[in-house]
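Okay, here's what each chain looks like letter by letter:
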Amino acid sequence: MIEAPSRVERSLRQPGFVGRQDVWRALDAATERALRFDAPQFVTIVGALGMGKTRLVSDWGHGLTGQGRFRVVRARAELPVVGEHGLLVEPFALLAALLRDRFGITVEMDVATALQRFSSELQQVFGDRRVAEVAALLGRFLGFDLPESPLGHAIASRPEREAEIARAVLGRFLEEDARRQPLCLVIEDLHLADEPSLNVVEALASELGSAPMVVLATARPELLVRRPGWGRAEGSHVRVELAPLSALEMDLFIRSVLDASSLASGLCERAAIESGGNPFLLEQLLQLYQQHGILIAETQSTWGFDIDRAVTHAPELSPEALAESRLAALSPAERDILSRGAAFGGVFWAGGVIALGRLGAEPPDATVVFAPDPTIDEVRRVLQLLAERDHVVPLPASSIVGETEWSWSHPEERTLIASASDPELARHRQRFAAQWIEARSPLPRPSERHEQVAVLYEEGGDARRAGAAYLAAGDEARRRLRYERARALYMRGLRLLDLDDAVAKMEAYHRLGDVATRLGRVREALGHFHEMLRIAWRLDLPAKGGAAHARIGRLHRWCGDYPRALEHLDLAHLLFDLAADRPGIAATLDDIGRVHFLCGHPEQATAFHRGALTVREELGDEKGKALTLSWMGLIQQRAGDLAAAEEHFHRALTIARASRDPHAIVFTLIDLGALAREAGHLADALQTLDEARGLARQMGERLYECHINIEIADTLLAAGRCDDAIAAFRDARVLAEKFGARRLVAEVERGLADAHVLAGDSTRARAHAEAALEIAEAIGATTLTGAALRVLGTAVAHGAPGDPDRGGPREIFDRAVELLGAAGAELELGRALAAYADFEERTGRESAAFEMRAHAQGIWDRARATARPRTSAVPIEMASP
């Protein structure tokens, strides 16, 4: 029996520096030119992750500092931190990092020490000359609060010139510093730098004068996506791209790690396949080989390699590392096809890949353009081979009819393929890919496809088309009631459009304002409608200006700011009249009438609604008539004429159902439900309101749902279901507060006060009544103020603490009756008189109580005498008014 050789305990060494002689020579040549000609030199080293950029710069830099010829200043760019409104938390962060290293300022230093060092170094660089101007700007980068200077004032007054001034002052400082001792600025990970810093670094070449200086930067290929021309301009800028290690270089690399003069058979070949010549992956792979018992030290100078185990038990590299190694094995043709697919994004189509191959080409036979094309079969064959090797996978169903849709087996590969593509070609392909998708009409899954097209145009550099596609995607999302998504898409599209797209922007702001309104973002919606208004003014479009003012007025109405609402609605009416826009005039008359109704002015409200109805009848606007009739019915209902109100509501509902207008249907169902409650038909009321709530939820109209919840809660309260009513009122309050609808909040507080009175908790009832009263008085809602006073008087009459400013129950009830009588709110007046009568009866004033109760009963008798009987549910008698 032959014994297995014993293992030798050996560890892997740090790899030696291998290859890269061409880059090393380029760096040496740059330093020599800088010293010989006093001319600043720029070198950018571009390479993928793990290609050895940091090691190269470190090893080369040690030699530079060891010779003492150059002062080396280092900084590493980091991802910018973005705060509110998309603004950078620290603009010029990279420049700040460079200056901190140059001045030796650390995070541990207190401000006084750091400032002293900063001032001292500046004085040494500039000698006795005045340095206040330089200190003012450089100090801004470092966060120092230095005395203002003319330069600081210039920046404050012209912020758009900050980058230009920063470049000039930084350039002057670097020139002076390099004249004292040659300077080498080393910037790593430049692809992560914030835009202001990147602009300054890119423009330094034209800013610097004579000075022995080298600016050495390292970056991943992503930099070339942001700045395709980086390092290619005329002058002293050299761009060097790191390639994978050659077979010979990998052999030397492995020998240095293993400290071996010879290598086991199969090791280099296998490592080359799995690492793709990436130095970092190669080192990581050797460590994994050792950890998994694939690479075994046999003697102090030899290593064994188990090729079979390497194949069957291949160690798992990181996803990015695996992607690097897998892509290294691709042929140029395979890589090109994947590069075309990567232009589409996460999924692509065989036909799209074929089309991108024709980009810029001419048909083989101009007379027979669609003759058989052998490249079609070749592309399909290569894609099938790539699928067999697990690079891509065909999807079972394609979103574009007649096309085979493909996805990436490993998304990391798409990222690497895309980053390695020529940036200008990639952008050209993305724009063409967007058009290829758009040409497939109708688009499958329109919202998703519009968004994909928008992303392709945006990444391809066509902001205008991208903006239009984002808006189209937003329209589709809005149609599907996906309001949050629609909002995000509209905002993204608007950022890409400019004044050349004024009409599209105006319409988009209109739709975005509508979406923000539906989401309860009232302040934001106001801003969007104001933007719409400004563009309409620039284009001299009074009808669009009227629409903007109308929407602004409605928002102010929702928020309870009735004077401002009327101000904007009056302007809307004026502009619609100027534009001869009669539908707009009718809508605005209704809106103005609604405000007067809420303020407790029924006569004015009726006059405006009648004016709107006249215009709508002349126009044959049936949908508009439904809304007008519904609002006129509300006035009659409040006045106690339930029969007239019901007639208007049923006419409105008939028109709304015939025109299939869901908004009008919901409005009239709410009105009919409230009317049924006032007539005492509570089961009918709940059934009707529940139908309205279901429709509102389907439409995604949360504010409608808030109205409905309040009506349902009042109905439950009328039926004596106190706990259920309180729960419904609380649900309504959540929505009302989200939308900033102050009147609805006051309605909820009034309802909760009524509920707590019914539950016997007068103290809590008083608190809610006070809250309702405060809002109602602030917004000028007379009827709501009277209702709040009615329930406040009831709570105080039942033992809640009084209010010296408002007086006792009698004074509070008197004020409620006065306000409600003046506003013509008969039904609410009946409730106030009934509550007042109860109080007077308890205090022994039976005659006054009898008179008030008779007045209240008369109001309810007249109202119910006109109400039609219900057959769909058994009437439930309301509690006595």
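Predicted model only: the values in this text are computed from it and were never measured. (Residues numbered from 1 in each chain as written. Predicted model: local features only at pLDDT ≥ 70, side-chain atom pairs only at ≥ 80, totals over all residues. Heavy atoms only, no water.)

## A word on the overall build of the chain
Next, step 1: A count of helices and strands for the chain gives 40 helices and ten strands.
Next, step 2: A burial count over the chain gives 52% of its 881 residues as buried.
Next, step 3: Excluding contacts between residues fewer than 6 apart, the proportion of contacts in the chain whose partners are at least 24 apart in sequence is 66%.
Next, step 4: Accessible surface, the chain: about 40700 Å² in total, of which carbon and sulfur atoms supply 52%. (Helix = DSSP H or I, 4+ residues; strand = E, 2+ residues; numbered from the N terminus. Buried < 20%, exposed > 50% of the residue type's maximum accessible area, 1.4 Å probe, protein only. Contact = heavy atoms within 4.5 Å. Areas by Shrake-Rupley, 256 points an atom, 1.4 Å probe, with all protein chains shown as cover.)

## Focus: helix α26 (residues 562-578)
Next, step 1: Taking 1.5 Å as the rise per residue, α26 with 17 residues should run 24 Å; its terminal C-alpha atoms sit 24 Å apart, in good agreement.
Next, step 2: Of all the positions in α26, only Tyr562, Ala565, His568, Leu569, Ala572 and Phe576 are classed as buried. The arc that holds every buried residue of α26, seen down its axis, measures 125°, which confines them to one face. Projecting away from the buried face of α26 at angles above 90 degrees are the exposed residues Pro563, Leu574 and Leu578. (Expected span 1.5 Å × (residues − 1). Arc of directions from axis to C-beta.)

## What about the packing of aromatic side chains?
For any pair of aromatic rings, geometry is given as the distance between the ring centres together with the angle between the planes.
Next, step 1: Going through the model one piece at a time under the given rule, you end up with twelve aromatic pairs.
Next, step 2: Considering the side-chain rings of Phe344 and Trp349, the 5.9 Å spacing of their centres and the 75° angle between planes classify their relative orientation as edge-to-face. Taken as a pair, Phe344 and Trp349 share a single burial class, namely buried.
Next, step 3: Through a chain of ring-to-ring contacts, three or more aromatic side chains come together here, namely Phe103, Phe118, Phe126 and Phe173.
Next, step 4: The ring of Phe103 carries the charged tip of Arg102 above its face, separated from the ring centre by 5.6 Å.
Next, step 5: Between Arg638 and the ring centre of Phe597, over which it is positioned, the NZ or CZ distance is 3.9 Å. (Phe/Tyr/Trp six-rings, centres within 6.5 Å; stacked < 30°, edge-to-face > 60°. Lys NZ or Arg CZ within 6 Å of the ring centre and 35° of its normal.)

## Regarding the pattern of salt bridges
Next, step 1: Scanning the model with the defined rule gives 64 salt bridges in all.
Next, step 2: In this structure, Glu451 and Arg485 form a salt bridge, with 2.1 Å as the shortest nitrogen-oxygen distance. Here the residue Glu451 occupies a position in helix α20 (residues 446-459), and Arg485 occupies one in helix α22 (residues 483-496), the gap between them amounting to 34 residues.
Next, step 3: Among the residues examined, Glu451 registers a relative accessible area of 18% and is labelled buried.
Next, step 4: Since its relative accessible area comes to 31%, Arg485 is described here as partly exposed.
Next, step 5: Close ionic contact of Glu507 with Lys544 constitutes a salt bridge, the shortest N to O distance being 2.8 Å. Residue Glu507 is located in helix α23 (residues 502-518), and its partner Lys544 is located in helix α25 (residues 542-558); the two are separated by 37 residues in the primary sequence.
Next, step 6: A relative accessible area of 25% means that Glu507 is categorised as partly exposed.
Next, step 7: On the basis of relative accessibility, which here comes to 26%, the residue Lys544 falls in the partly exposed class.
Next, step 8: What emerges from the salt-bridge pattern is a single network uniting Glu678, Asp714, Arg743, Glu747, Arg750, Asp754, Arg790, Glu828 and Arg831. (Salt bridge = Lys/Arg side-chain N within 4 Å of Asp/Glu carboxyl O.)

## So, the sheet that holds strand β4 (residues 213-219)
Whenever strands of a sheet pair, they do so through backbone hydrogen bonds, lying parallel or antiparallel.
Next, step 1: Across the sheet, five strands lie side by side as β2-β3-β4-β1-β5; this open sheet has parallel pairing. Because the sheet does not close on itself, it has two edges, and the strands there are β2 (71-76) and β5 (237-241). Put simply, the sheet's adjacent strands are angled 15° from each other on average, direction ignored.
Next, step 2: The pairing of strand β3 (residues 183-188) with β4 spans five bridges and is parallel. Residue pairing across strands places Val186 opposite Leu216, the latter belonging to β4.
Next, step 3: Of the strands in this sheet, β2 and β3 touch helix α3 (residues 93-103), which is tilted by about 140° from β2. (Pairing = 2+ DSSP bridges. Axes fitted to C-alpha atoms, helices over the stretch in contact; angles between N-to-C directions.)

## Observations concerning the side chain of Gln452
Next, step 1: Its location among the elements puts Gln452 in helix α20.
Next, step 2: Given the relative accessible area of 13%, Gln452 is considered buried.
Next, step 3: A distance of 3.1 Å separates the side chain of Gln452 from the backbone oxygen of Phe344, its partner in a polar contact. (Polar contact = N/O pair within 3.5 Å; in protein donor to acceptor, adjacent residues only side chain to side chain.)

## Thoughts on the packing of helix α35 (residues 742-758) against helix α36 (residues 762-779)
When two helices pack together, their arrangement is given by the angle between the helix axes and the distance between those axes.
Next, step 1: Close contact between α35 and α36 brings their axes to 8 Å; oriented N to C, the two are set at 155°. In terms of orientation, α35 lies roughly antiparallel with respect to α36. Taken as a pair, α35 and α36 cross one another with a handedness that is left-handed. Contacts between α35 and α36 pair Arg742, Arg743, Val745, Ala746, Glu749, Arg750, Leu752, Ala753, His756 and Val757 from the former with Ser762, Arg764, Ala765, His768, Ala769, Ala771, Ala772, Ile775, Ala776, Ala778 and Ile779 from the latter. (Parallel < 35°, antiparallel > 145°, perpendicular 65-115°, else oblique. Left-handed = near helix turned anticlockwise from the far one by under 90°.)

## Description of helix α24 (residues 522-539)
Next, step 1: The first and last C-alpha atoms of α24 sit 26 Å apart over 18 residues, in line with the 26 Å expected at 1.5 Å per residue.
Next, step 2: Buried within α24 are the following residues: Val522, Glu524, Ala525, Leu526, His528, Phe529, Met532, Leu533, Ile535 and Ala536.
Next, step 3: At the C-terminal side of α24, Asp540 shows a positive phi close to 55°.

## Description of the sheet that holds strand β9 (residues 392-394)
Next, step 1: With antiparallel pairing, three strands are arranged side by side in an open sheet as β8-β10-β9. Among the strands making up the open sheet, the edge pair consists of β8 (347-349) and β9. Across the sheet, the mean angle from the axis of one strand to that of its neighbour is 35°, orientation sign disregarded.
Next, step 2: In terms of strand pairing, β8 meets strand β10 (residues 405-408) through three bridges, oriented antiparallel. Across the sheet, residue Trp349 finds its bridge partner in β10, namely Glu405.
Next, step 3: In the packing of helix α15 (residues 332-344) onto the sheet, the strands contacted are β8, β9 and β10, and the crossing angle to β8 comes to about 115°.

## Looking at the nonpolar core
Next, step 1: Counting residues in each nonpolar core, the largest one holds 74 residues, and the members touching the most others are Phe344, Phe348 and Val392.
Next, step 2: No other element matches the eight residues that α24 contributes to this core.
Next, step 3: Contacts of Val392, omitting those with residues within four sequence positions, involve Leu338, Phe348, Leu383, Leu386, Ala387, Trp406, Ser407, Trp408 and Ser409. (Core = buried A, V, L, I, M, F, W, Y, C linked by side-chain atoms within 4.5 Å.)

## Here we look at the environment of Gln604
Next, step 1: Structurally, the position occupied by Gln604 is in helix α28 (residues 602-619).
Next, step 2: We classify Gln604 as partly exposed; its relative accessible area is 35%.
Next, step 3: A C-alpha to C-alpha distance of 9.2 Å links Gln604 and Ile592, two positions twelve residues apart in sequence.

## A few points about the confidence of the model for the chain
Next, step 1: For the chain, per-residue confidence averages 85 on the pLDDT scale, and 89% of positions sit at 70 or higher.
Next, step 2: In this model, residues 869-881 is a region of pLDDT below 50 whose contacts with residues beyond four sequence positions or in other chains number 30 contacts. (pLDDT = per-residue confidence, 0-100.)

## Considering the pairing of strand β1 (residues 41-46)
Next, step 1: For β1, the tally of buried residues reaches six of six residues, placing the bulk of the element in the interior.
Next, step 2: Residues Gln41, Val43 and Ile45 point to one face of β1 and Phe42, Thr44 and Val46 to the other, with burial holding for every one of them.
Next, step 3: By the bridge criterion, five bridges tie β1 to β5 in an arrangement that is parallel. When the sheet's bridge partners are listed, Val46 is paired in β5 with Glu241.

## Topic: a nonpolar patch on the surface
Next, step 1: A cluster of nonpolar side chains, namely Val503, Leu539 and Leu541, defines an oily patch on the protein surface of about 220 Å² accessible area.
Next, step 2: By the element assignment, Leu541 lies in the loop between α24 and α25.
Next, step 3: When its relative accessible area of 33% is taken as the criterion, Leu541 is described as partly exposed. (Patch = residues over 30% accessible without salt bridge, like charges linked within 9 Å, V, L, I, M, F, W, Y side chains within 5 Å.)

## Description of unusual backbone geometry
Across residues other than glycine, the phi torsion is negative in most instances, and most of the peptide bonds are trans.
Next, step 1: Backbone geometry places Asp390, a non-glycine residue, at a positive phi of 65°.
Next, step 2: Within the secondary structure layout, Asp390 lies in the loop between α17 (374-388) and β9.
Next, step 3: Of note in the backbone geometry, Leu481 takes a positive phi value of approximately 65° without being a glycine.
Next, step 4: Here Leu481 lies in the loop between α21 (463-479) and α22.

## A word on the side chain of Arg429
Next, step 1: Counting through the fold element by element, Arg429 comes out in helix α19 (residues 423-438).
Next, step 2: When sequence neighbours within four positions are dropped, the list of residues in contact with Arg429 reads Asp336, Ser339, Arg340, Ala343, Leu356 and Leu359.

## Observations regarding the environment of Pro801
Next, step 1: Position of Pro801 relative to the elements: it lies in the loop between α37 (782-797) and α38 (809-823).
Next, step 2: The spatial distance from the C-alpha of Pro801 to the C-alpha of Thr763 is 7.3 Å, given a sequence separation of 38 residues.
Next, step 3: Discounting chain neighbours no more than four positions away, the residues touching Pro801 are Arg766 and Val796.

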